[in-house]
Amino acid sequence: MSTVDLPLLPLGRGRDLDTERGVECPGDLPEASDPALVARARAAKEALGERVFVLGHHYQRDEVIQFADVTGDSFKLARDAAARPEAEFIVFCGVHFMAESADILTADHQQVVLPDLAAGCSMADMARLAQVEDAWDALTAAGVADSVVPVTYMNSSADIKGFVGRHDGVVCTSSNAETALDWAFAQKPDAKVLFLPDQHLGRNTAVLEMGFSLDDCVVWNPLLPGGGLTEQQLRDARMILWRGHCSVHGRFSADVVDELRAKDPDVQILVHPECTHDVVLRADLIGSTEFIIKTIEAAEPGSHWAIGTELNLVKRLAAAHPDKTISFLDRNVCYCSTMNRIDLPHLVWALESLVAGQVVNRIEVDPETERWARIALQRMLDLPGKSHKD
Ligand code: 13P
Ligand code: SF4
């Protein structure tokens, strides 16, 4: 097993271009207190016109989302980026792995910009290529690699998507994980899935949507020799779950669900599948950010909801639906700190630089990685229909 050190760097400091953790941005950022920031962003966007297309993930701040040409979950944004060949610049207000996916899916003449390179994702950082290659070697040694189909969540680096493409696997998002797993299990007679990097999305989908038992799942710990599993465990498992998680959704807890239900028997619990299995088991509804939005839009006036996903989105939903009671499923404030790195000063800086003819913070995946990652992403885009979770 190769030695892989994974100390999380303080966000926005340090330099490690091979990870999702981010680096400092070059150049002079406008002051956050500048009262002209909104006008400056508007003017820069107008000056760029059709040359720029701004994508905004649902977890972005309000100050940023107001400038997005489209908003969406990671699946919708990947599709939207691919459908805009006329835009010379794609400004991605989201995190690094999303900008990489946009670069992979867009044409060579299109340049993808991430306004702050420190907008990484701690979950994506939990699976590094060297670790995944070690795991594959162990699966080969256990005699099971031939029956394993790798499936990676969109929330992974481009080189992990490339690995999955090279090994005949597929990318999924939280809105199509079940469809992607159906596809994977249909690829081989005794197929097993290596699911990267979010153990919770993998477990929740396999057990709650597809009828697998918890005993069908094992967890591969990349920090332990052999993943901490015996060869027999690898042979017996149907789902080999990578030991990664989202630090934001991992905070929601079953006791808060119980507490809210005791206080308000009418409350409906709506959570993202990145939440832990015990939280998801207690929820009324589970789905991607796009599903969460549609559910609230369709909800009866007067209905009560507690939502387990990132706080920017929950606050926006509460503001947009004053006729419904919407609360956050945690006692504490819980933003995704890396999503929040994209703020108005960074957006203004990125847009004004483009107006001045300078492309800053370009996200560019190397051609070999891109070739294989595109195959895995395209398999996802070609999956039949969409899950009911969209
Ligand atoms: P979706 O956009 O697929 O709902 O994922 C949520 C998330 O954590 C994005 O980082
Ligand atoms: Fe990563 Fe979780 Fe933040 Fe999404 S919400 S970017 S999975 S840390």
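Keep in mind that what you see is a predicted model, and the values were worked out from it rather than measured.

A. Representation of the domain arrangement of the chain. Here the domain parsing of the chain yields domain 1 (37-120 + 339-367), domain 2 (124-246) and domain 3 (253-328). Domain 2 and domain 3 are separated by 28 Å when their C-alpha centres are compared. Opposite the 13 residues of domain 2 that make contact, domain 3 presents 10 residues. A combined buried area of about 920 Å² lies between domain 2 and domain 3, and 59% of that area is made up of carbon and sulfur atoms. Between domain 2 and domain 3 we count zero salt bridges in total. On the surface where domain 2 and domain 3 come into contact, there are six residue pairs in polar contact (both at pLDDT 80 or more). Looking at the side of domain 2 that touches domain 3 element by element, the count peaks at six residues for helix H9 (residues 199-209). A per-class count over the side of domain 2 that touches domain 3 returns six nonpolar, five polar and two charged.

B. Region of interest: unusual backbone geometry. Leu196 connects to Pro197 through a cis peptide bond whose omega is -25°. For Pro197, the location among the structural elements is in the loop between strand S7 (192-196) and H9. One non-glycine residue, Asp168, adopts positive backbone phi at about 60°. Summarising the element assignment, Asp168 is placed in the loop between helix H7 (158-166) and strand S6 (170-172).

C. Region of interest: the UniProt feature "binding site: [4Fe-4S] cluster" (unreviewed entry) in the chain. When the UniProt feature table is mapped onto this chain, "binding site: [4Fe-4S] cluster" (unreviewed entry) is found at Cys121, Cys246 and Cys336. Sequence-wise these annotated residues cover 216 residues; spatially they are packed, their C-alpha atoms never more than 9.4 Å apart. Mapped onto the secondary structure, Cys121 falls in the loop between strand S4 (111-113) and helix H5 (122-125). Its location among the elements puts Cys336 in the loop between strand S13 (325-328) and helix H15 (344-355). According to the relative accessible area criterion, Cys336 is buried, its value standing at 14%.

D. Highlighting the site of ligand 2. Around ligand 2 sit Tyr59, Val95, Cys121, Ser122, Met123, Asn155, Cys246, Val248, Glu274 and Cys336, and those are all the residues in its vicinity. Considering only residue class, the shell around ligand 2 consists of seven nonpolar, two polar and one charged.

E. Quick peek at the sheet that holds S7. Sheet architecture is open: five strands sit in the order S6-S5-S7-S9-S8, paired in parallel fashion. Pairing within the sheet leaves two strands with one partner each, and these edge strands are S6 and strand S8 (217-220). Sheet twist, expressed as the mean angle between neighbouring strand axes with direction ignored, is 25°. Taken together, the four bridges between S8 and strand S9 (residues 239-242) define a ladder with parallel strand orientation. Bridge pairing links Trp220 to Trp242 in S9. Strands in contact with helix H6 (residues 129-141) are strand S5 (148-153), S7, S8 and S9; relative to S9, the strand with the most contacts, it is inclined by about 155°.

Definitions and limits used
Residues numbered from 1 in each chain as written. Chains lettered and ligands numbered in written order. Predicted model: local features only at pLDDT ≥ 70, side-chain atom pairs only at ≥ 80, totals over all residues. Heavy atoms only, no water. Domains from an automatic or database assignment. Contact = heavy atoms within 4.5 Å. Buried area = accessible area lost by both parts, 1.4 Å probe. Salt bridge = Lys/Arg side-chain N within 4 Å of Asp/Glu carboxyl O. Polar contact = N/O pair within 3.5 Å; in protein donor to acceptor, adjacent residues only side chain to side chain. Helix = DSSP H or I, 4+ residues; strand = E, 2+ residues; numbered from the N terminus. Nonpolar A, V, L, I, M, F, W, Y, C, P; charged D, E, K, R; others polar. UniProt positions renumbered as here; feature names shortened; annotations may be inferred. Buried < 20%, exposed > 50% of the residue type's maximum accessible area, 1.4 Å probe, protein only. Near = heavy atom within 4 Å. Pairing = 2+ DSSP bridges. Axes fitted to C-alpha atoms, helices over the stretch in contact; angles between N-to-C directions.

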